[in-house]
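Okay, here's what each chain looks like letter by letter:
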Amino acid sequence: MDLRKLLQMGGMGLGGPAPGSDFEVVDTSEVIQISSLALLKMLKHGRAGVPMEVMGLMLGRFIDDYTVRVIDVFAMPQSGTGVSVEAVDPVFQTNMLDMLKMTGRPEIVVGWYHSHPGFGCWLSGVDVNTQQSFESLNKRAVAVVIDPIQSVKGKVVIDAFRTINPQLTQVLKQEPRQTTSNVGHIQKPSIQALIHGLDRAYYSIGINYRKNELEQMMLLNLHKPKWTEGLTITKFDDHTNQSKQTIEQMLTFVKGYNKAIQDEDKMTKEKLIVHKVGKVDPKKHLEQEVINLMSNNITQSLGTMLDTIIF
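Predicted model, so just to flag it, every value in this text is computed and none were measured. (Residues numbered from 1 in each chain as written. Predicted model: local features only at pLDDT ≥ 70, side-chain atom pairs only at ≥ 80, totals over all residues. Heavy atoms only, no water.)

Turning our eyes to something else, we now look at the sheet that holds strand β4 (residues 67-75). The strand order around the closed barrel built from seven strands is β2-β4-β3-β7-β8-β9-β11, with neighbouring strands paired in mixed fashion. Put simply, the sheet's adjacent strands are angled 35° from each other on average, direction ignored. Pairing between strand β9 (residues 155-163) and strand β11 (residues 202-210): four bridges, direction antiparallel. Along β11, the bridge assignment pairs Thr163 with Tyr202. (Pairing = 2+ DSSP bridges. Helix = DSSP H or I, 4+ residues; strand = E, 2+ residues; numbered from the N terminus. Axes fitted to C-alpha atoms, helices over the stretch in contact; angles between N-to-C directions.)

Below is the structure:
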């Protein structure tokens, strides 16, 4: 009998499963679904704490064996530096969850998040210990790391992790999770994360984003201009210079349009088909400049008249 079978029978007191049964291991098709509200809160909290690290708890639910849904987050009292962060008030979590239930937020804690301002997404030794304490309460708990400095418009630098049980990998020589899909391998790991223990002390989980109808309406209205912005008056000097530049461009396009008409009269039908390919169309640009000039002048005149009457 080899060592693996002996351990499975519990011969060394490790409490392995019965002979012939399979180990419960996580799957590469597991996905973390983060709502837009939770993502905005995490990013805003992370940017407010720069250059220090910040942390908080994630609320949601475990949909099935392959899906963890994060619906909301909240910050925690913490002691943070530029390279580490730890929670300092364990009672706060219980009180906060009780208050959230009173406001119609009954979800449970599915993990925690913290920021790495400027140095990528990976788990330090302190982060691994913190994640292990979360996994002792729930083995499917997730650690999310977000970089508020490297995140730019249209791309959030974020990743989710879970620790690897050393008993499975070192003693039983098993893989930390089954490979049944490419979902967990789509995002290429950074060299920094590999240096700091990725795929040795912890592994990465794929992240998706979900938004309901209310969140979609909120995001659509986030940068929507108000009707009052249409009556904003620019400085008269700036407006004059802008109008001069527009008229000069219009004159250039008029000359170009006149030359294009003269050239078309001298060309055959075959040449006309390929004549404008890859070239600027002066007629379209001229129409656009006329519309811009008229709308800017009308808005400036109306705004000036309203200011004169009201103020």
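For the rest of this paragraph, the subject is a nonpolar patch on the surface. A cluster of nonpolar residues, Trp227, Leu231, Val290, Met294, Ile298, Leu302, Met305, Leu306, Ile309 and Ile310, forms a patch on the protein surface that exposes about 1,100 Å² of accessible area. Mapping Ile309 onto the fold places it in helix α10 (residues 282-310). Look at Ile309 and you get exposed, because its relative accessible area is 69%. (Patch = residues over 30% accessible without salt bridge, like charges linked within 9 Å, V, L, I, M, F, W, Y side chains within 5 Å. Areas by Shrake-Rupley, 256 points an atom, 1.4 Å probe, with all protein chains shown as cover. Salt bridge = Lys/Arg side-chain N within 4 Å of Asp/Glu carboxyl O. Buried < 20%, exposed > 50% of the residue type's maximum accessible area, 1.4 Å probe, protein only.)

Counted under the stated rule, the structure contains four aromatic pairs. Where Phe74 meets Phe92, the ring centres are 6.4 Å apart and the plane angle is 55°; that geometry is what we call tilted. You can see Phe74 sitting in strand β4 and its partner Phe92 sitting in helix α3 (residues 90-102), a full 18 residues away along the chain. Residue classification places Phe74 among the buried residues on the basis of a relative accessible area of 6%. Taking relative accessible area as the criterion, Phe92 reaches 25% and is therefore assigned partly exposed. Measuring from ring centre to ring centre gives 5.9 Å for Trp112 and Phe134, while their planes differ by 5°; the resulting arrangement is stacked. Of the two residues, Trp112 sits in strand β7 (residues 108-115) while Phe134 sits in helix α4 (residues 125-137), which places them 22 residues apart along the sequence. Note on accessibility: Trp112 and Phe134 belong to one class, buried. (Phe/Tyr/Trp six-rings, centres within 6.5 Å; stacked < 30°, edge-to-face > 60°.)

For the rest of this paragraph, the subject is the pairing of β11. Pairing between strand β2 (residues 31-35) and β11: five bridges, direction parallel. Bridging from a neighbouring strand, Ser35 pairs with Arg210 of β11.

A separate point is the packing of helix α2 (residues 36-49) against helix α7 (residues 213-220). Packing of α2 against α7 leaves a shortest axis separation of 10 Å and a crossing angle of 50°. Classed by the angle they form, the pair α2 and α7 counts as oblique. Facing α2, whose interface residues are Ser36, Leu37 and Leu40, α7 presents Glu215, Met218 and Leu219. Considering only residue class, the contact of α2 with α7 consists of four nonpolar, one polar and one charged. (Parallel < 35°, antiparallel > 145°, perpendicular 65-115°, else oblique. Contact = heavy atoms within 4.5 Å. Nonpolar A, V, L, I, M, F, W, Y, C, P; charged D, E, K, R; others polar.)

Attention now moves to the packing of helix α8 (residues 236-265) against α10. Relative orientation of the contacting elements α8 and α10 amounts to 160°, with a least axis distance of 9 Å. Between α8 and α10, the angle falls in the class roughly antiparallel. Note that α8 runs across α10; the crossing there is left-handed. Contacts between α8 and α10 involve Phe236, His239, Gln242, Ser243, Thr246, Ile247, Gln249, Met250, Phe253, Val254, Gly256 and Tyr257 from the former and Pro282, Lys283, His285, Leu286, Glu289, Val290, Leu293, Asn296, Asn297, Gln300 and Thr304 from the latter. Looking at the contact of α8 with α10, its residues break down into 10 nonpolar, 11 polar and two charged. (Left-handed = near helix turned anticlockwise from the far one by under 90°.)

With that settled, consider the environment of Thr299. Among the secondary structure elements, Thr299 is positioned in helix α10. Residues Thr299 and Ile233 lie 66 residues apart in sequence; the distance between their C-alpha atoms is 7.6 Å.

Attention now goes to the confidence of the model for the protein. Of the residues in the protein, 88% reach a pLDDT of 70 or more, and the chain-wide mean stands at 82. Taken together, the stretch residues 1-17 has pLDDT below 50 and engages in 20 contacts with residues farther than four places along the chain or on a different chain. (pLDDT = per-residue confidence, 0-100.)

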